[in-house]
Amino acid sequence: MSDRNNRLMTLKSNVGETRLDTVAPSSISDGEVVLALDKFSITTNNITYATYGDAIGYWRLFPTGRDDYGMMPVWGFADVVESRADGIEVGARVFGFFPMADRLVVQAEKVTRGGFADSAPWRKAVPDIYNRYVLCAGDANYDVALEDPEALFRPLFITSYTAIDFLREHAFFGAKQVVVSSASSKTAYGAAWCMAEDDVEVIALTGSRNRAFVERLGVYDQTFSYDELGEIRTDGPTLYLDLAGDHDLRKRLHAHFGDNLTYDCLVGSTQGDAFPENDPELIGPRPIFFFAATCLDAHRERGTLRPFNERFFADQRHFFQRVIDRDSPWLEITEYRGLEQAAEVVRQLAGGSSDPAQGAIVRIVR
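Residues numbered from 1 in each chain as written. Predicted model: local features only at pLDDT ≥ 70, side-chain atom pairs only at ≥ 80, totals over all residues. Heavy atoms only, no water.

### Considerations on the overall build of the protein
Phase 1 of the analysis: Helix and strand counts for the protein come out as 9 helices and 17 strands.
Phase 2 of the analysis: For the protein, the C-alpha radius of gyration of 20 Å lies close to 21 Å, the compact-globule estimate for 366 residues.
Phase 3 of the analysis: Viewed in the frame of its principal axes, the protein has a C-alpha envelope of about 65 × 45 × 40 Å.
Phase 4 of the analysis: Classification of the 366 residues of the protein by burial places 55% in the buried group.
Phase 5 of the analysis: A fraction of 69% describes how many contacts in the protein between residues 6 or more apart in sequence connect residues 24 or more apart.
Phase 6 of the analysis: Surface accessibility of the protein: about 16000 Å² in total, with carbon and sulfur atoms responsible for 46%.
Phase 7 of the analysis: Separation of charge centres in the protein, based on 38 positive and 54 negative side chains, amounts to 3 Å. (Helix = DSSP H or I, 4+ residues; strand = E, 2+ residues; numbered from the N terminus. Rg over C-alpha atoms; globule rule 2.2 N^0.38 Å. Buried < 20%, exposed > 50% of the residue type's maximum accessible area, 1.4 Å probe, protein only. Contact = heavy atoms within 4.5 Å. Areas by Shrake-Rupley, 256 points an atom, 1.4 Å probe, with all protein chains shown as cover. Lys, Arg positive; Asp, Glu negative; His and termini not counted. Charge placed at Lys NZ, Arg CZ, Asp CG, Glu CD.)

### Some remarks on the state of the cysteines
Phase 1 of the analysis: For the structure shown, the criterion picks out 0 disulfides.
Phase 2 of the analysis: Free of any disulfide, Cys-265 has its nearest neighbouring cysteine sulfur in Cys-295, separated by 10 Å.
Phase 3 of the analysis: Overall, the relative accessible area of 1% leaves Cys-265 in the buried class. (Disulfide = S-S within 2.5 Å.)

### Quick look at the sheet that holds strand β2 (residues 18–23)
For sheets, the rule is that strands pair by backbone hydrogen bonds, running either parallel or antiparallel.
Phase 1 of the analysis: Taken in spatial order, the 3 strands of this open sheet run β2-β1-β4, and their pairing is antiparallel. Strand pairing shows two members of the sheet lacking a second neighbour, β2 and β4 (69–70), which therefore form its edges.
Phase 2 of the analysis: Here 6 bridges tie strand β1 (residues 5–11) to β2, and the two strands are oriented antiparallel to one another. Bridging across to β2, Asn-6 finds its partner in Thr-22.
Phase 3 of the analysis: Running over the sheet, helix α9 (residues 338–351) touches β1 and β2 and is turned about 15° from β1. (Pairing = 2+ DSSP bridges. Axes fitted to C-alpha atoms, helices over the stretch in contact; angles between N-to-C directions.)

### A look at the pairing of strand β12 (residues 222–225)
Phase 1 of the analysis: The sheet contact formed by strand β11 (residues 201–206) and β12 spans 4 bridges and is parallel. Residue pairing for β12: Ala-204 is matched across the bridge by Thr-223.
Phase 2 of the analysis: Handedness of the crossover joining β11 and β12 through helix α5 (residues 211–217): right-handed. (Right-handed = clockwise from strand over helix to strand, strands pointing away.)

### Here we look at the layout of surface pockets
Phase 1 of the analysis: Computed from the structure, the largest pocket encloses a volume of approximately 770 Å³.
Phase 2 of the analysis: Ile-129, Arg-132, Val-134, Arg-154 and Leu-296 are, among the 31 residues lining the largest pocket, the residues nearest its centre.
Phase 3 of the analysis: Only β6 (93–98), β9 (132–135), α3 (147–169), α7 (292–302) and α8 (305–323) provide two or more residues apiece to the lining of the largest pocket. (1 Å grid on protein atoms, 1.4 Å probe; cavity = no way out; pocket = protein on both sides within 12 Å on 5 of 7 lines; lining within 4 Å. Points joined across faces, edges and corners; volume = space filled by probe spheres on them.)

### Observations concerning the sheet that holds strand β10 (residues 177–180)
Phase 1 of the analysis: One open sheet holds the 6 strands; their spatial order is β12-β11-β10-β13-β14-β15, and the pairing between them is parallel. In the strand order of this sheet, the two ends are held by β12 and β15 (288–289), each with one partner.
Phase 2 of the analysis: Across 2 bridges, strand β14 (residues 261–266) lies against β15 in parallel orientation. Counterpart to Leu-266 in the pairing with β15 is Phe-289.

### Quick word on the packing of α3 against α7
Phase 1 of the analysis: Running from N to C, α3 and α7 cross one another at 60°; their axes reach a closest spacing of 9 Å. On the basis of their axis angle, the class for α3 and α7 is oblique. The handedness of the crossing between α3 and α7 is left-handed. Where α3 approaches α7, its residues Ile-158, Thr-159, Thr-162, Asp-165 and Glu-169 are matched on the opposing element by Ala-292, Cys-295, Leu-296, His-299 and Arg-302.
Phase 2 of the analysis: A breakdown of the residues in the contact of α3 with α7 according to their chemical character gives 4 nonpolar, 3 polar and 3 charged. (Parallel < 35°, antiparallel > 145°, perpendicular 65-115°, else oblique. Left-handed = near helix turned anticlockwise from the far one by under 90°. Nonpolar A, V, L, I, M, F, W, Y, C, P; charged D, E, K, R; others polar.)

### Concerning the pairing of β9
Looking along a regular strand, one sees side chains alternate from face to face of the sheet.
Phase 1 of the analysis: The sheet contact formed by β6 and β9 spans 2 bridges and is antiparallel. Bridging across to β9, Phe-95 finds its partner in Val-134.
Phase 2 of the analysis: In terms of strand pairing, strand β8 (residues 115–118) meets β9 through 3 bridges, oriented antiparallel. Bridging from a neighbouring strand, Ala-117 pairs with Arg-132 of β9.

### Examining the side chain of Thr-238
Phase 1 of the analysis: Here Thr-238 is to be found in strand β13 (residues 238–242).
Phase 2 of the analysis: In this structure Thr-238 touches Ala-175, Gln-177, Val-179, Phe-257, Asn-260, Leu-261, Thr-262 and Tyr-263, once residues within four positions along its chain are discounted.

### Section: the packing of aromatic side chains
Phase 1 of the analysis: What the rule picks out here adds up to 33 aromatic pairs.
Phase 2 of the analysis: Seen from their ring centres, Tyr-58 and Tyr-130 are 5.8 Å apart, and the 85° between their planes marks the pair as edge-to-face. With Tyr-58 in the loop between α2 (53–56) and β4 and Tyr-130 in the loop between β8 and β9, this pair connects stretches of sequence that are 72 residues apart. Residues Tyr-58 and Tyr-130 agree in their burial class; the two are buried.
Phase 3 of the analysis: Ring geometry for Phe-157 versus Tyr-161: centroids 5.7 Å apart, planes at 45°, classification tilted. One end of the pair is Phe-157 and the other is Tyr-161, both in helix α3 and 4 residues apart, which spans about a single turn.
Phase 4 of the analysis: Tyr-161 sits in the buried class, given a relative accessible area of 9%.
Phase 5 of the analysis: Here the aromatic residues Phe-153, Phe-157, Tyr-161, Tyr-189, Trp-193, Phe-213, Phe-308, Phe-312, Phe-313, Phe-319 and Trp-330 are joined through ring pairs into a cluster of three or more. (Phe/Tyr/Trp six-rings, centres within 6.5 Å; stacked < 30°, edge-to-face > 60°.)

Treat this as a map of the structure, not an account of what it does.
Take a look at the structure:
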């Protein structure tokens with residue numbers, strides 16, 4: 001094994017600021033596995049993890065030994081380079097949740113042909129789904145040729161899909177139009193794609209510079225820039241699907257729709273910087289944070305998880321195919337090399353200067 005483990009830490013008080021350092025790897029014990037990260041995606045979803053790192057528990061997943069800097073979690077692929085766990089062989093390819101670092105030591109439990117979980121006590125800060133690692137050899141939906149779009153969209157599309165599943169189960173809380181903020185984000189247009197057959201009008205809210213991209217997607221019925229919010233019709237029941245997490249935008253939107261706003265579903269944050277607190281001046285329903293894991297747990301408890309998964313994986317493949325369609329792809333996947341370049345991607349995403357038509361994949365340089 002290498003005598004170093006490079007890692008890219010994030011300043012908790014300013015998620016666009018990072019610090020690269022090196023720590024010595026530790027020896028492993030029985031039941032532990034060393035995963036060498038190979039590639040991972042960075043999207044606005046990861047900025048959400050960092051933004052709500054303390055409120056939701058993401059900062060506790062991968063301890064740094066520091067109070068000021070944490071490890072921003074990312075989704076990606078790794079290879080097993082050392083194993084003292086039965087059923088997990090060296091060389092196995094895995095997909096899951098990682099820190100931006102060369103390697104990760106996990107305490108493997110619940111080992112099956114399809115994967116395993118990390119039982120380290122600090123991983124209990126989040127739902128179990130975030131602690132599961134998929135063994136690619138046992139994943140019927142794994143396709144090596146689709147690793148890049150899978151790293152980019154698999155953690156996002158499950159959020160898109162479960163959010164719409166949740167809203168559909170509640171008949172969209174009586175709404176006839178759904179306003180989607182941060183409409184250029186991958187989770188947002190994944191959700192819009194999922195609503196193609198639903199009896200609701202899907203309205204995009206986006207920044208002016210992203211308007212052309214949003215309109216080109218073809219998944220929204222109407223598109224408005226943020227300064228055009230006042231032009232959206234208010235004569236029918238409306239649901240707010242909030243991907244921006246912007247407090248001022250939320251107040252403006254609530255005031256605009258008033259009593260016709262039936263539900264405020266906060267799915268993520270591309271602009272917000274804090275967990276939403278109850279605002280006594282906010283008109284209408286308070287925002288409710290949506291968690292994909294909660295939806296999946298509900299299906300598990302009802303015994304409907306298997307049919308849900310069958311629908312999900314079929315629809316996910318169709319979505320992936322649409323995103324990377326050879327003739328009219330929605331985005332271009334760009335590969336970055338090493339943690340230094342990953343730092344620049346994080347800075348751009350945190351600063352809102354990234355191009356929504358670009359998807360960032362980072363490869364670890366060995």
